[in-house]
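# Chain and residue survey
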4 protein chains.
Amino acid sequence: MVTDTPDDLGERSARTLDGALGFEIVEIGEELARGRFEVTDAVRQPWGVVHGGAYAAMAETLASASTSIAVQADGDVAVGQSNHTSFLRPVVEGTVHAQARRRHRGRTSWVWEVDLTDDAGRLCALSRVTIAIRPAPG
Amino acid sequence: MVTDTPDDLGERSARTLDGALGFEIVEIGEELARGRFEVTDAVRQPWGVVHGGAYAAMAETLASASTSIAVQADGDVAVGQSNHTSFLRPVVEGTVHAQARRRHRGRTSWVWEVDLTDDAGRLCALSRVTIAIRPAPG
Amino acid sequence: MVTDTPDDLGERSARTLDGALGFEIVEIGEELARGRFEVTDAVRQPWGVVHGGAYAAMAETLASASTSIAVQADGDVAVGQSNHTSFLRPVVEGTVHAQARRRHRGRTSWVWEVDLTDDAGRLCALSRVTIAIRPAPG
Amino acid sequence: MVTDTPDDLGERSARTLDGALGFEIVEIGEELARGRFEVTDAVRQPWGVVHGGAYAAMAETLASASTSIAVQADGDVAVGQSNHTSFLRPVVEGTVHAQARRRHRGRTSWVWEVDLTDDAGRLCALSRVTIAIRPAPG
């Protein structure tokens, strides 16, 4: 069985959506994960503020990567199931900081809550991400 | 007051997140909107399937752009408030097609439901997007 | 193995939450379910309108009962996993009508969307309910 | 203008849905609220566990009552807009304890996150409730 190290993951992350949006994964762990992205045009919507999909995607990345790394030792894979992101305060520049906390570790699903804040520490978006746990195919 | 035409919007869309992820807006309207994106690495997560954030972002783009175009004539702006996307079937290649239907048109918020399907017409993700309506600043 | 008929279910439903709130199940099916409740004080919040929890509960009842009846023949049980209800229009009297449509039938989860309308047919609330499918214990 | 005290609210709460489900409001505040309910048949679904709608309703009650009490001094009213509850662990008996924390206080909406736990302190459900703030009618 091939298992991912955080480094493998980082390399593949850089050339997929995470890279396209400039996401930086700061910390991956079983109970806590952190990431950030700079506010460039790649994460803005046409009216100049950060696109809601950028917050949702960052939350998804942290929850999904953390769960994947954790469960692969048991021969399981993590599959994103649901992402609910609320947008609280528009951000136009600077850096968006994300912190994901695991709230539930079940046999068949993990649930994460993710706070996204601006450089002043103000809460800009909130996300709840549910990740399904499945036996690895094959 | 500056108002957006769909063409203005398309130009700014192309150089922001929509462009970074290869989103194509097919139709914008008050009650229905459609878009699509090709499955390239720009919308994949590191394990090769379409990133949950890509579905969420496409749904957000359609709901937000359609509402914005519709309400600006009244001097209002549209502000994304909530996006809840469920992931039903992984997609690894081809094109993802999105169709957004407006389900509610209130004075202070509009609600859209978005179906995302693969090339075979199978439902891959579902999104509910709530857009707040606010008086334009200034 | 004990299996439920819709009649068994109806009897137990009447003496649990469904009964406490006056819920009436009109139709249970694998792809469509319908129910309704009269607007009495039992479903109101203290300010006189229908309590958000009543819409959420009715949606949950329809999705959960329909899935349970459908999957028990395979030795599986249905377990509510997530309920997201948006409140669109306050209702103060009359009857609330609910129609649930199954949008996804996966091996490990079913997803339902539920429209809740008033006597004039106006959409009052929308719900998405995810039901997990698990092997029956024992 | 008539304003509610927590006592007025408690009296009306007792004869509406909160009373029908046996909800007890323990604390109402601008940033924190707490409540609980005993697990009787009134909050169970037909299979004997706590009905998902009971968790959603309790979260809605706490967020809605707390916001209402807080904003009425400014001539505003609180209107429930969205409730997303995830069910993590079934409860069959004892008491369910709910704690709501305000995460966002905007001019037009407040957002609360609610943890629901069993007698052993285990997390059984999580809810995010969005409450819209509107000028009082009349």
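Residues numbered from 1 in each chain as written. Chains lettered and ligands numbered in written order. Predicted model: local features only at pLDDT ≥ 70, side-chain atom pairs only at ≥ 80, totals over all residues. Heavy atoms only, no water.

## A few points about the packing of aromatic side chains
Using the criterion set out here, one finds 16 aromatic pairs over all chains in the structure. Members of the aromatic cluster, joined through ring pairs, are Phe23, Phe37, Tyr55 and Phe87 of chain A. Above the ring of tryptophan 110 of chain D, the side-chain terminus of arginine 102 of chain D is found at 4.9 Å from the ring centroid. (Phe/Tyr/Trp six-rings, centres within 6.5 Å; stacked < 30°, edge-to-face > 60°. Lys NZ or Arg CZ within 6 Å of the ring centre and 35° of its normal.)

## A short note on the interface of chain B and chain A
When the parts of a complex come together, some accessible area is lost, and that lost area is often taken as the interface size. Tallying the contact residues gives 36 residues for chain B and 36 residues for chain A. Across the interface of chain B and chain A, roughly 2700 Å² is buried in total on both sides, 60% from carbon and sulfur atoms. Inspection of the region where chain B meets chain A yields zero salt bridges. In this structure, the connection of chain B to chain A is made through 14 residue pairs in polar contact (both at pLDDT 80 or more). Where the side of chain B that touches chain A is concerned, the elements lending two or more residues are helix H1 (6-14), helix H2 (17-20), helix H3 (52-71) and strand S3 (76-87) of chain B. Ranked by residues supplied to the side of chain B that touches chain A, first place goes to H3 of chain B with 10 residues. Among the residues making up the side of chain B that touches chain A, the classes are represented as 13 nonpolar, 16 polar and seven charged. (Contact = heavy atoms within 4.5 Å. Buried area = accessible area lost by both parts, 1.4 Å probe. Salt bridge = Lys/Arg side-chain N within 4 Å of Asp/Glu carboxyl O. Polar contact = N/O pair within 3.5 Å; in protein donor to acceptor, adjacent residues only side chain to side chain. Helix = DSSP H or I, 4+ residues; strand = E, 2+ residues; numbered from the N terminus. Nonpolar A, V, L, I, M, F, W, Y, C, P; charged D, E, K, R; others polar.)

## Some remarks on H1 of chain B
Residue and element names in this part refer to chain B. Those residues of H1 that sit buried are Leu9, Arg12 and Ser13. Relative to the axis of H1, the buried residues are bounded by an arc of 105° and lie together on one face. Relative to its buried face, H1 has exposed residues pointing more than 90 degrees away, namely Asp7 and Ala14. Taken together, the buried residues of H1 touch H2, strand S1 (23-27) and H3. (Buried < 20%, exposed > 50% of the residue type's maximum accessible area, 1.4 Å probe, protein only. Arc of directions from axis to C-beta.)

## Some points on the relation of the copies chain A and chain D
Mapping chain A onto chain D leaves a residual RMSD of 0.0 Å; the transformation is a rotation of 180° accompanied by 0.0 Å of translation along its axis. Here the copies are linked by what is in effect a two-fold axis. The fraction of interface residues of chain A whose copies in chain D are also interface residues reaches 100%, indicating that both copies meet through the same surface. (Least-squares fit on C-alpha atoms with pLDDT ≥ 70 in both.)

## A look at the sheet that holds strand S1 (residues 23-27) of chain D
What the 12 strands build is an open sheet, ordered S1(C)-S2(C)-S4(C)-S5(C)-S6(C)-S3(C)-S3(D)-S6(D)-S5(D)-S4(D)-S2(D)-S1(D); its pairing is antiparallel. The two strands at the open ends of the sheet, each matched to only one other strand, are strand S1 (23-27) of chain C together with S1 of chain D. The sheet shows a mean angle of 25° between the axes of neighbouring strands, direction not considered. With 11 bridges connecting them, strand S3 (residues 76-87) of chain C and strand S6 (residues 123-135) of chain C associate as antiparallel partners. (Pairing = 2+ DSSP bridges. Axes fitted to C-alpha atoms, helices over the stretch in contact; angles between N-to-C directions.)

## What to know about the pattern of salt bridges
A complete count under the given rule lists 40 salt bridges over all chains for this structure. Note that aspartate 41 of chain C is salt-bridged to arginine 44 of chain C, the shortest N-O span being 2.9 Å. A relative accessible area of 33% means that aspartate 41 of chain C is categorised as partly exposed. Salt bridges linked by common partners bring Arg101, Arg103 and Glu113 of chain A together with Asp115 of chain D together as one network.

## Some words on the interface of chain A and chain D
Chain A puts 14 residues into the contact, and the matching count from chain D is 14 residues. Area buried by chain A at its contact with chain D is led by His84, Arg103 and Arg128 of chain A, which between them contribute 42% of it. Viewed at the interface, chain D and chain A are joined by two salt bridges. One salt bridge in this structure joins arginine 103 of chain D and aspartate 115 of chain A, with 2.6 Å as the shortest N-O distance.

## Remarks on the pairing of strand S4 (residues 95-105) of chain D
All names here are of chain D. Note that strand S2 (residues 32-38) and S4 share seven bridges and pair antiparallel. Looking at the pairing, glycine 35 lines up with alanine 98 of S4. One ladder, built from eight bridges, connects S4 with strand S5 (residues 109-117); its direction is antiparallel. Note that in S5 the partner of glutamine 99 across the bridge is aspartate 115. Linking S4 to S5, which pair antiparallel, is a turn of three residues.

## Some words on the environment of glycine 53 of chain A
Summarising the element assignment, glycine 53 of chain A is placed in helix H3 (residues 52-71). On a C-alpha basis, the gap between glycine 53 of chain A and aspartate 18 of chain A in space is 12 Å, while along the polypeptide they are 35 residues apart. With residues up to four places along the chain from it excluded, the contact list for glycine 53 of chain A reads Gly53, Ala57 and Glu60 of chain B.

## Re the sheet that holds strand S2 (residues 32-38) of chain B
Note: strands within a sheet are paired through backbone hydrogen bonds, in either parallel or antiparallel orientation. An order of S1(A)-S2(A)-S4(A)-S5(A)-S6(A)-S3(A)-S3(B)-S6(B)-S5(B)-S4(B)-S2(B)-S1(B) is seen for the 12 strands of this open sheet, with the pairing classed as antiparallel. Looking at which strands have only one partner, the edges of the open sheet turn out to be strand S1 (23-27) of chain A together with S1 of chain B. Across the sheet, the mean angle separating the axes of adjacent strands is 25° when strand polarity is ignored. Summarising the sheet, strand S3 (residues 76-87) of chain A and S3 of chain B pair through five bridges and their orientation is antiparallel. Counted as the bridge partner of threonine 85 of chain A is asparagine 83 of chain B from S3 of chain B. Those strands touched by H3 of chain A are S1, strand S2 (32-38), S3, strand S4 (95-105), strand S5 (109-117) and strand S6 (123-135) of chain A together with S3 of chain B, and its axis lies near 155° from that of S3 of chain A.

Read these as layout, nothing more, since geometry by itself doesn't imply function.
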